[in-house]
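# Working through the structure, step by step
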Amino acid sequence: MKFTIQPTTYITTVSADVLALFIPESDPDTVIASADIALLDRSLGGVLSSVIRDEHFSGASGKTLSLHSHGKISATHIVLIGVGKKPERMADELITDGAIIAKNAARHHARNVAIVVPTVGPDSQEQLMSLLTEGVLFGNYTFNKHKKKEDEDTKHLFENVIFVVSHEIPQMTVALKEAEAIAQAVCDARDLINEPPSITTPEHLSGIAQGLAKSSKSVSVSVINKKEMESLGMGALLGIAKGATEEPKFIHLTYKGGGSKTVTVVGKGITFDTGGLSLKPPASMETMKLDMSGAAAVLSVFTVLAQLKPKITVHGLISATENMPGPHAVKPGDIVTAMNGKTIEILNTDAEGRVVLADAMSYAAKNIKSDAIIDLATLTGACMVALGEDVAGLFVNDPVLRDALVTSAKRTGERIWELPLVEEYKDLLKSPVADIKNIAKTRYGGAIEGALFIGAFVPENTPWAHLDIAGPAFAEKESPATPLGGTGFGIRLLYDYIRSQSN
Ligand code: BES
Ligand code: ZN
Ligand code: ZN
């Protein structure tokens, strides 16, 4: 898809299959009196105003109105999108708007879609264009490569998106380029999550990382295989991998873009979570290909870094393995030793994410001097109970990192909510036979226990944030910008944070 900018005085002259306009909510008469609508209405001989009145279209949020122009203006269809009353629109609402336009375009079998970029509200036009671009690409996203016949409804034809503005400024082109790169990386992550788990193996993930390093001068990678893990003492990751036939991989990506700061991002890469010997019931297993969503986010962040080249150093660490039962699988009661020498009593093999992340954090402590470490993990069902499907849990040990992440979340519309790292709850992870155990005595506070466990392996004196993305990583209900399946959650948030730290 191609995105272009078209400075235009009279929107009646914009040639496209669909011309989309955003309408702030008022009453139908005020809508009709607004400059753009009045202009269109005159060209259409009053048809637009009568349809707006007939349908009582007031610009309410979520309402749309479509009209054929019958050759009276250069665009074939006019689509009005109600945006509600609030002058300040949230980032996620703008993305939804973009996605609604994409769906509308598909319905009209449009190839060229023009979007009139609003000028009201506190956001700059380039910010709006970025979010709309992401929304259009998300609304256009489908995963049907394994379907024999493409569904007529999901066949998207459109090729060109034209942003109609009154004045063009150079920042707009930059914003578009960035938004496209980021949205594409999100769609790549969706693909990776949506692929069957026998395709997205640890080896597959490491292959993607190697491909990235090959095609970009600023990215390098080291893939640590099972043998090397043994000599490094990664007993935690190896322990979880014992039941699997697929070889585990530990992936270390490095992006060097200059600047003075170093950020490390860590992803949980369980390519399928059966629960291991603490086997999940069938229904809970159905979506467990999602359990590498943290890893997918890390890989996609590196795709974006390679393209947009911010001035910063970023390390990406991925612990990748399947979590399988079987004669060799780790058993409840087994004790494994993480790379930092701490012993872990594994009492529930389904609490595997924290165990594999223990080695990633130990590796970071030994090898990387980070200004901040952020891990992304589909870690606990408990976090979904607490925050639902749309919001990630944020656990953070540093107020500056917290504020930066909250700001990035607002800017990108990726929702996070802080939960506490309750010091006293650490006692619940005490083991009679090892340094720590992987589940608490009680199931209360499950998301917190998971975070506290990971925290026990984080390098000392390092700002660290853990994002439990179990809810938002995978959509079980459809919305305009996210079809069912992998969402690519966290990439936009992480990249926005990384860029905010570049200098
Ligand atoms: N991968 C799951 C968490 C999960 C559940 C992600 C649902 C997405 C949707 C994780 O490995 C897990 O099984 N966690 C257990 C922890 C428990 C055994 C302490 C859970 O949440 O039940
Ligand atoms: Zn599990
Ligand atoms: Zn898991």
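The structure this text deals with has already been given above.
Before going into details, it helps to say that this report is about the structure given with it. (Residues numbered from 1 in each chain as written. Chains lettered and ligands numbered in written order. Predicted model: local features only at pLDDT ≥ 70, side-chain atom pairs only at ≥ 80, totals over all residues. Heavy atoms only, no water.)

### Remarks on the overall build of the chain
Filter applied, for reference: A run of H or I in DSSP becomes a helix once it reaches four residues, and a run of E becomes a strand once it reaches two; helices and strands are each numbered from the N terminus. For the radius of gyration, the atoms used are the C-alpha atoms, and the globule rule reads 2.2 Å times the number of residues raised to 0.38. Only heavy atoms enter the contact rule, under which two residues are in contact if any of them lie within 4.5 Å. Where accessible areas are quoted, they stem from the Shrake-Rupley method and a 1.4 Å probe; at the residue level, only the protein chains shown are allowed to cover.
A tally of regular secondary structure across the chain gives 16 helices and 19 strands. The C-alpha radius of gyration computed for the chain amounts to 25 Å, which stays within 12% of the reference 23 Å derived for 503 residues, consistent with globular compactness. Pairs at least 24 apart in sequence give 77% of the contacts found in the chain among residues at least 6 apart. Summed over all atoms, the accessible surface of the chain reaches about 21,000 Å², with 52% contributed by carbon and sulfur.

### What about the site of ligand 1?
Let me state the cut-off plainly: For this purpose, a residue is taken to be near a molecule or strand whenever a single non-hydrogen atom of the residue falls within 4 Å of it. What qualifies as a polar contact is a pair of N or O atoms within 3.5 Å, subject to a donor-acceptor requirement within protein and to the restriction that residues adjacent in sequence count only when both atoms come from side chains. Grid points spaced at 1 Å and placed over the protein atoms alone form the basis of the search, with a cavity being a set where a 1.4 Å probe fits but cannot get out and a pocket an open set showing protein on both sides within 12 Å along at least five of seven lines. Lining residues have an atom within 4 Å of a point. Occupancy of a cavity or pocket is assigned to a molecule whenever over half of its atoms lie within 2 Å of that pocket's grid points. When residue character is reported, Ala, Val, Leu, Ile, Met, Phe, Trp, Tyr, Cys and Pro are called nonpolar, Asp, Glu, Lys and Arg charged, and the others, Gly included, polar.
Taken together, 17 residues sit near ligand 1, with Asp273, Lys280, Asp350, Glu352 and Gly381 positioned nearest. Asp291 places a polar side-chain atom, nitrogen or oxygen, 2.9 Å from a nitrogen atom of ligand 1. Between Glu352 and ligand 1, the recorded distance is 2.8 Å, taken from a side-chain N or O atom to an oxygen atom. Isolated, ligand 1 exposes 520 Å² of accessible area, and the fraction of that covered by the protein chains is 77%. Given that more than half its atoms are within 2 Å of the pocket grid, ligand 1 belongs to the second largest pocket. Residue assignment for the shell around ligand 1 shows that the elements contributing at least two residues are β9 (262-273) and α13 (381-387). When the residues that make up the shell around ligand 1 are grouped by side-chain class, the tally is 6 nonpolar, 4 polar and 7 charged.

### With respect to the coordination of the zinc ion (ligand 2)
Note the following rule: The rule for donors is simple: an N, O or S atom within 2.8 Å of the metal counts, and for Na, K and Ca the reach is 3.2 Å. Water is not among the atoms, so a site may look short of donors. For a four-donor site, all angles between 85 and 135 degrees give tetrahedral; for four or six donors, opposite pairs above 155 degrees with the remaining angles between 65 and 115 give square planar or octahedral; all remaining cases count as irregular.
Looking at the metal site, the zinc ion (ligand 2) is ligated by Asp273 (OD), Asp350 (O), Asp350 (OD) and Glu352 (OE), spaced 2.0 to 2.2 Å from it. Taken together, the 6 donor atoms coordinating the zinc ion (ligand 2) span angles of 71 to 169 degrees at the metal, a pattern that classifies the geometry as irregular. The sequence motif formed by the donor residues of the zinc ion (ligand 2) is D-x76-D-x1-E. In this structure the zinc ion (ligand 3) is found 3.2 Å away from the zinc ion (ligand 2), and Asp273 serves as a bridging donor for the pair.

### Some thoughts on the pairing of strand β6 (residues 160-165)
Test applied: Three labels apply to residues, based on accessible area from a 1.4 Å probe with only protein chains included: buried if under 20% of the type maximum, exposed if over 50%, partly exposed otherwise in between. Here, strands pair whenever DSSP counts at least two bridges between them.
Taken across its 6 residues, β6 has 5 buried, putting it largely inside the fold. Sheet topology places strand β5 (residues 112-116) next to β6; 5 bridges connect them, and they run parallel. Bridge assignment links Asn112 to a residue of β6, and that residue is Asn160.

### Considering helix α14 (residues 399-412)
To keep it simple, the criterion reads: Here, expected helix span is obtained from the residue count minus one, scaled by 1.5 Å. Regarding the arc, it is the one traced by the directions from the helix axis to the C-beta atoms.
End to end, α14 covers 20 Å across 14 residues, agreeing with the expected 20 Å (1.5 Å per residue, within 8%). When α14 is considered as a whole, its buried residues turn out to be Leu401, Ala404, Leu405, Ser408, Ala409 and Thr412. Down the axis of α14, the smallest arc covering the buried residues is 140 degrees, so these residues share one side. Opposite the buried face of α14, at more than 90 degrees from it, the exposed residues are Val400 and Lys410. Against the buried residues of α14 lie α4 (91-107), β13 (372-377), β14 (392-396), β15 (416-418), β17 (464-468) and α16 (491-501). Following α14 by one or two positions, Gly413 adopts a phi angle in the positive range, close to 80 degrees.

### Topic: the coordination of the zinc ion (ligand 3)
Each protein donor to the zinc ion (ligand 3) is listed here as Lys268 (NZ), Asp273 (OD), Asp291 (OD) and Glu352 (OE); together their distances run 1.9 to 2.4 Å. Coordination at the zinc ion (ligand 3) comes from 6 donor atoms whose angles at the metal span 77 to 171 degrees, giving a geometry best classed as octahedral. On the primary sequence, the residues serving as donors to the zinc ion (ligand 3) are separated as K-x4-D-x17-D-x60-E.

### Overview of unusual backbone geometry
Look at Lys309: it is not a glycine, yet its phi comes out positive at around 50 degrees. Here Lys309 shows up in the loop between α11 (293-308) and β10 (313-323). Looking at Lys309, the relative accessible area reads 53%, which means it is exposed. Phi at Asn461 takes a positive value of approximately 55 degrees, unusual for a residue other than glycine. Turning to its location among the elements, Asn461 is positioned in the loop between α15 (446-455) and β17. A residue is classified by how much of its surface remains accessible, and Asn461, at 80% relative accessible area, is exposed.

### As for the sheet that holds strand β16 (residues 436-437)
Pairing within the open sheet is mixed, and its 3 strands lie in the order β11-β12-β16. Only two strands of the sheet have a single partner each, and these edge strands are β11 (334-337) and β16. Pairing geometry for strand β12 (residues 343-346) and β16, over 2 bridges, is parallel. Pairing of Glu345 across the sheet is with Lys437, part of β16.

### With respect to the environment of Ser293
Residue placement: Ser293 occurs in helix α11. Taking the C-alpha atoms as reference points, Ser293 and Pro282, separated by 11 residues in sequence, lie 20 Å from one another. Non-local contacts of Ser293, meaning those with residues more than four positions away in its chain, are made with Ile193, Lys268, Thr378, Ile469 and Ala473.

### Some details on the packing of helix α5 (residues 125-139) against helix α6 (residues 170-194)
To be explicit about the condition: Only C-alpha atoms enter the line fits that serve as axes; for helices the fit covers just the stretch in contact. Angles between N-to-C directions range over 0 to 180 degrees. Angle categories: roughly parallel below 35 degrees, roughly antiparallel above 145, roughly perpendicular from 65 to 115, and oblique for all the rest. By convention the crossing between two helices is left-handed if the near helix lies anticlockwise of the far one by an angle smaller than a right angle, and right-handed if it lies clockwise.
For the pair α5 and α6, the least separation of the axes is 8 Å and the interaxial angle reads 30 degrees. On the basis of their axis angle, the class for α5 and α6 is roughly parallel. Considering only the axes of α5 and α6, their crossing is right-handed. Along the contact surface, α5 presents Gln125, Glu126, Met129, Ser130, Thr133, Glu134, Leu137 and Phe138, while α6 presents Gln171, Met172, Ala175, Leu176, Ala179, Glu180, Ile182, Ala183, Val186, Cys187 and Arg190. For the contact of α5 with α6, the per-class residue count stands at 11 nonpolar, 4 polar and 4 charged.

### Quick word on the packing of helix α7 (residues 202-215) against α11
Viewed as axis vectors pointing N to C, α7 and α11 meet at an angle of 10 degrees, and their least axial separation amounts to 10 Å. Accordingly, the angle class assigned to the pair α7 and α11 is roughly parallel. Taking contact as the criterion, the partners of Leu205, Ile208, Ala209 and Leu212 in α7 are, on α11, Ala295, Leu299, Phe302, Thr303 and Ala306. Its residues assigned to classes, the contact of α7 with α11 shows 8 nonpolar, 1 polar and no charged.

### With respect to the nonpolar core
The criterion, for reference: Throughout, nonpolar core names a set of buried Ala, Val, Leu, Ile, Met, Phe, Trp, Tyr and Cys residues whose side chains join them through atoms within 4.5 Å.
Judged by nonpolar contacts, the single largest core of 93 residues is most densely connected at Ile115, Phe163, Phe302, Ile374, Ile416, Tyr497 and Ile498. Beyond its immediate sequence surroundings of up to four residues, Ile498 is in contact with Val263, Val265, Val301, Leu305, Ile312 and Val314. Ranked by size, the runner-up nonpolar core spans 45 residues in total, among them Ala236, Ala338, Val422 and Leu429.

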